[in-house]
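Structural overview
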Amino acid sequence: MNQAFEIAAVGLASQQKALDTIANNIANLSTPGFKRGVLKFSEVLSAPADSAHPGASLEQLSSVAGVRLETFSDIEAQGEIAHTGSPLDLAIDGKGFIELMAPGGQSLLWRGGQLTVRDGVLSTSDGLPLRSMLSVPEDASNLRINSDGSVTALLAGSGEIAELGSITLVSVDDPSRLERLDGGFYRLPDDVQVRDSVPGENGAGLLVQGGLEQSNVRLNDEMIQLMMVQRVYAANSQVVQAADQIAAMANNLKE
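1. A closer look at the sheet that holds strand β8 (residues 121–124)
- On the basis of which strands lie adjacent, the open sheet formed by four strands has the order β8-β7-β4-β16 and antiparallel pairing. On the outer flanks of this sheet lie β8 and β16 (206–209), each paired with one strand and no other. On average, adjacent strands in this sheet sit at an angle of 35° to one another, irrespective of strand direction.
- Note that strand β4 (residues 89–93) and strand β7 (residues 112–118) share three bridges and pair antiparallel. Each residue of the ladder has a partner; that of D89, found in β7, is Q114.

2. Concerning the side chain of R111
- Secondary-structure assignment places R111 in the loop between β6 (107–110) and β7.
- Overall, R111 belongs to the buried group, its relative accessible area being 5%.
- Non-local contacts of R111, meaning those with residues more than four positions away in its chain, are made with K35, Q78, A91, I92, G94, K95, G96, F97, G184, Y186 and E213.

3. Some remarks on the pattern of salt bridges
- In this structure the tally under the stated criterion is eight salt bridges.
- A salt bridge links E213 to K35; the shortest N-O distance between them is 2.5 Å. Note that E213 is positioned in strand β17 (residues 211–213) and K35 in the loop between α1 (2–27) and β1 (37–46), a separation of 178 residues in sequence.
- Between R111 and E213 there is a salt bridge; the shortest N-O distance is 3.1 Å. Here R111 is found in the loop between β6 and β7, whereas its partner E213 is found in strand β17, with 102 residues between them in sequence. The pair formed by R111 and E213 is uniform in burial state, with each residue classed as buried.
- The network of salt bridges with common partners includes K35, R111 and E213.

4. Quick notes on the nonpolar core
- Among the nonpolar cores identified, the biggest contains 23 residues, and I98, L100, L122, I167 and L207 are the most heavily contacted of them.
- If near-sequence neighbours (up to four positions away) are discounted, I167 is found in contact with L90, I98, L122, L130, S132, L134, I145, D148, G149, V151, P199 and L207.
- Core analysis: the second largest hydrophobic core is formed by nine residues, F97, L109, V170 and V192 among them.

5. Some words on unusual backbone geometry
- In this structure, D119 is a non-glycine residue whose phi angle is positive, near 55°.
- Position of D119 relative to the elements: it lies in the loop between β7 and β8.

6. Examining the sheet that holds strand β10 (residues 150–155)
- The strand order across the open sheet formed by three strands is β9-β10-β11, and the pairing between neighbours is antiparallel. Two strands in the sheet have a free side with no partner beyond their single neighbour: β9 (140–145) and β11 (161–166). Within this sheet the neighbouring strands show an average axis-to-axis angle of 25°, counted without direction.
- In this sheet, β11 lies alongside β10 in antiparallel orientation, the contact comprising five bridges. Bridging from a neighbouring strand, V151 pairs with G165 of β11.

7. A closer look at a nonpolar patch on the surface
- Together, L29, L219 and M223 line one region of the surface with nonpolar side chains, adding up to about 230 Å² of accessible area.
- Within the element layout of this structure, L219 appears in helix α3 (residues 219–254).

8. Examining the side chain of S197
- Assignment of secondary structure puts S197 in strand β15 (residues 194–197).
- Given a relative accessible area of 4%, S197 falls into the buried group.
- Separated by 3.4 Å, the side chains of S197 and S171 make a polar contact.
- With residues up to four places along the chain from it excluded, the contact list for S197 reads T168, L169, V170, S171, N202 and A204.

Conventions we followed
- Residues numbered from 1 in each chain as written.
- Predicted model: local features only at pLDDT ≥ 70, side-chain atom pairs only at ≥ 80, totals over all residues.
- Heavy atoms only, no water.
- Pairing = 2+ DSSP bridges.
- Helix = DSSP H or I, 4+ residues; strand = E, 2+ residues; numbered from the N terminus.
- Axes fitted to C-alpha atoms, helices over the stretch in contact; angles between N-to-C directions.
- Buried < 20%, exposed > 50% of the residue type's maximum accessible area, 1.4 Å probe, protein only.
- Contact = heavy atoms within 4.5 Å.
- Salt bridge = Lys/Arg side-chain N within 4 Å of Asp/Glu carboxyl O.
- Core = buried A, V, L, I, M, F, W, Y, C linked by side-chain atoms within 4.5 Å.
- Patch = residues over 30% accessible without salt bridge, like charges linked within 9 Å, V, L, I, M, F, W, Y side chains within 5 Å.
- Areas by Shrake-Rupley, 256 points an atom, 1.4 Å probe, with all protein chains shown as cover.
- Polar contact = N/O pair within 3.5 Å; in protein donor to acceptor, adjacent residues only side chain to side chain.

Here it is, written out as structure tokens:
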């Protein structure tokens, strides 16, 4: 009887986590650059004490000990790009990332957003410079970021259009392993390598000036998932109620 309670408790806890993830997705429906959270369920197996017996079958060796929950961001799903018209808004139409220089020499990855010029260097709105370290003169105007990553500006002193450098992109083989941070940044694990790519090559995508990538959350999909999770949650609740009723009947028989 205790197993029924344990199984139902595992089910309730896992579905509660799923509800929290869906609620967070819906809450960030209008957050630019947000990547929806996805839950991955997997059974955790445990072996009994006699598992060392050489003739034991798989069914004899293992039993379900619980459920492991892993939450990761659906980074590869492209969000719709909204055109804002602001020259310092930048989006990536593709699967690439912009590499940033964080304090302490740490590298962070970024899917684009609002840019600014801080200390003469093109940076994010949070002050993190791009790895390309593009210097923007004080008298520069008409900053232009082309789809291939080249950056130009009009210099007031000479009246000429000068090339300031280029923004490169990086590609990651398994984006699901990236750690999502606040502000739309991603931390790269030590054992994950990135590949430098020119915008437009190797599937990294193209840069879109004057655009912001929107959330990749689809409300219809989230509502369908929500209904499924609620039904499973209710089913596990009924298991608890049934087990409680059977336990009560068993106790009455003892009397």
